[in-house]
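One letter stands for each residue in the lines below.
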Amino acid sequence: METRILPANKAGLDEAGQVLLAGGLVAFPTETVYGLGGLASRAESIHAIFAVKGRPTTDPLILHLLEPDLEKAVTEGWVAGPLPASAISLAEHFWPGPLTLILPRGPKTRLDMTAGLETVAVRCPAHPAAQKLLQKVGAPLAAPSANRFGRISPTDAEAVRQELGGRIPLIVDGGHCSVGLESTVVSLLNSTPEILRPGAVTAAQIERVLGSTPLLRTMSRPKDDAQIAPGQLDSHYSPQTPLYLCETPVRDFDPEFFHILFRKNSGAPPQTSLFLAEDGNLESAARELYRGLRQADQSGRKAIMVEPVPDGPWADALRDRLTRASVGLAHWNGTSWKLVSRKRN
Ligand code: TXA
Ligand code: MG
């Protein structure tokens, strides 16, 4: 199948809307990462999403809504009421935006989309192209990140082409994503909100809105519990080159490795290193991380070495993705880097 990349203008979005309404799939930009969209109400679209990504059917998809109105989603049957007050407050504060809420599934939400769960992940994206596309289609879209299963999420149209070229007819090009990491996923199924995937909306921001501290449930989990949020699988977001987390800031560069840094370092060799931000600004680093990992992966080096994530509001999300992308730790013994692989479960 030929994959065309069209700009996110009226003609491009019109065509994307037609493909979606006919049951086909389209990759489109959101503020977080590119999504692989299909009609949430159509069995063939849902099945195609799993097939194209190579994603296990036990890993549920996110429902993308045009309007930041949860009551309407309940009335329309996507989400089951009554809504907890926490859901209404979080949607009011953070939608449209990079926050996904886990709530009870309404009758209209297909069980194949939720991987058989009686819960549904919902989000209202802020990217204007995503909103225009949802408007054209006039119905919610199911959309996971537009990468092959277990690989790095794409943050521009070219990265989508590298992941899914030849498998989908159309990519809507809306430039580079402004957030660069997947949305924060918060479960509101229990009285205490639980962060299942950290992201741009931080625990501190959620706490400020709700007045209570959310639990963080992103540690690696036993296999039989994997369905709580299968994105919590130990290994995820992975480049093909083995990635190691450095235990200390990097001062010594080995040309066999590709080094990823959080701030500019004048000693770093430009061919085999990359800084994600000039000054350690984590918001900029998050935006650049996946592009940086793709570049590192394509550098042909033996391993990718990432220096420790500095503290800051985005640190939880960055550490979470990097830990999942990693195969182990790198330790500087005074003369060389020692690579210690973590045991996989
Ligand atoms: O930023 C994002 O959320 C992007 C853009 C495209 O919207 N989408 C995205 O989708 O990251 P995906 O499928 O790559 O990740 C969805 C995550 C997975 O970890 C999945 O397991 C979790 O949300 N999830 C979905 N439904 C769930 C449910 N009912 N309960 C728990 N976790 C759920
Ligand atoms: Mg994903």
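About the cut-offs
Note on numbering: residues in each chain are counted from 1, in written sequence order. Chains carry letters and ligands carry numbers; both start at the beginning, A for chains and 1 for ligands, and go up in the order they are written. Residues qualify for local features only when their pLDDT is at least 70, as the model is predicted, and side-chain atom pairs are given and counted only at 80 or more; totals for whole chains, interfaces and linings, by contrast, use all residues. Excluding hydrogens and water, the side-chain values take into account all heavy atoms of the structure. Strands are runs of DSSP state E lasting at least two residues, helices are runs of H or I lasting at least four, and both sets are numbered from the N terminus onward. Only protein chains enter the accessibility calculation, which uses a 1.4 Å probe. A residue is then buried if its area is under 20% of the maximum for its type, exposed if over 50%, and partly exposed in between. Polar contacts here mean pairs of N or O atoms no more than 3.5 Å apart (in protein, one a potential hydrogen donor and the other a potential acceptor; neighbouring residues in sequence count only if both atoms are side-chain atoms). Two residues form a contact once any of their heavy atoms are found within 4.5 Å. Whether two strands pair comes down to DSSP finding at least two bridges between them. An axis is simply a line fitted to the C-alpha atoms; with a helix, the fit covers only the stretch in contact. Between two such axes, the angle follows the N-to-C directions and lies from 0 to 180 degrees. Boundaries of every domain are those given by an automatic assignment or by a domain database. As a working definition, buried area equals the accessible area (1.4 Å probe) given up by two parts on being put together, with both sides summed. Salt bridge, as used here: a side-chain nitrogen of Lys or Arg that lies within 4 Å of a carboxyl oxygen of Asp or Glu. The residue classification treats Ala, Val, Leu, Ile, Met, Phe, Trp, Tyr, Cys and Pro as nonpolar and Asp, Glu, Lys and Arg as charged. All others, Gly included, are polar. Note on terminology: a nonpolar core comprises buried Ala, Val, Leu, Ile, Met, Phe, Trp, Tyr and Cys residues joined through side-chain atoms within 4.5 Å.

1. Observations regarding the side chain of Ser-273
By the element assignment, Ser-273 lies in strand S14 (residues 273-275). What makes Ser-273 buried here is its relative accessible area of 9%. Looking at Ser-273, its side chain comes within polar contact range of the main-chain oxygen of Pro-269, at 2.7 Å. Setting aside chain neighbours within four positions, we find Ser-273 in contact with Phe-258, His-259 and Ala-268.

2. As for the sheet that holds strand S6 (residues 119-123)
In a beta sheet, neighbouring strands pair by backbone hydrogen bonds and run either parallel or antiparallel. Strand order in the open sheet formed by 11 strands is S1-S8-S2-S3-S7-S4-S6-S5-S9-S10-S11, with mixed pairing between adjacent strands. If you trace the sheet from one side to the other, it starts and ends with strand S1 (4-7) and strand S11 (215-216), each paired once. By the bridge criterion, two bridges tie strand S2 (residues 26-28) to strand S8 (residues 170-173) in an arrangement that is parallel. Directly across from Val-26, in S8, lies its bridge partner Leu-170. Packing of helix H6 (residues 157-164) onto the sheet brings it into contact with S1, S2, strand S3 (35-39) and S8, and relative to S8 it is tilted by some 165 degrees.

3. Considering the domain arrangement of the protein
The domain architecture assigned to the protein consists of domain 1 (4-216) and domain 2 (243-341). Counting from both sides, the interface comprises 24 residues of domain 1 and, opposite them, 17 residues of domain 2. Between domain 1 and domain 2 the total buried area reaches about 1,600 Å² when both faces are included, carbon and sulfur atoms providing 55% of it. Together, Ile-152, Leu-181 and Pro-198 form the three largest contributors to the area buried by domain 1 at its contact with domain 2, with a combined 36%. The interface formed by domain 1 and domain 2 includes three salt bridges. With a closest N to O distance of 3.9 Å, Arg-151 and Asp-297 form a salt bridge. Along the contact surface separating domain 1 from domain 2 lie eight residue pairs in polar contact (both at pLDDT 80 or more). A breakdown of the residues in the side of domain 1 that touches domain 2 according to their chemical character gives 10 nonpolar, nine polar and five charged.

4. A short note on the sheet that holds strand S13 (residues 257-261)
Taking strand neighbours across the sheet as the criterion, the six strands line up as S14-S13-S15-S12-S16-S17 in an open arrangement whose pairing is mixed. Only two strands of the sheet have a single neighbouring strand rather than two, namely S14 and strand S17 (337-341). Put simply, the sheet's adjacent strands are angled 25 degrees from each other on average, direction ignored. Alignment of S13 against S14, held across three bridges, turns out to be parallel. Within S14, the position partnered with His-259 by the bridge is Ser-273. Helix H8 (residues 282-297) rests against strand S12 (243-246), S13, S14 and strand S15 (303-306) of the sheet, and its axis sits at about 165 degrees to S13.

5. Observations regarding helix H9 (residues 315-325)
Most of H9 sits out of view: eight of its 11 residues are buried. Of all the residues in H9, the buried ones are Ala-315, Ala-317, Leu-318, Asp-320, Arg-321, Leu-322, Arg-324 and Ala-325. For H9, the elements touching its buried residues are strand S10 (194-197), S12, H8 and S15.

6. A word on the nonpolar core
Generally speaking, soluble globular proteins have nonpolar side chains that are buried together. One finds Leu-70, Val-79, Trp-95, Leu-101, Leu-103, Val-122 and Ile-168 to be the most contacted residues of the largest nonpolar core, which totals 42 residues. Elements supplying a minimum of two residues to this core: helix H2 (43-53), helix H3 (70-75), helix H4 (85-94), strand S5 (99-104), S6 and H6. Contact partners of Leu-103, with chain neighbours within four places excluded, come to Leu-70, Val-79, Leu-83, Pro-84, Ala-87, Thr-119, Val-120, Val-122, Leu-188 and Leu-189. Counting residues in each nonpolar core, the second largest holds 29 residues, with Val-179, Ala-200, Phe-258 and Ala-315 among its members.

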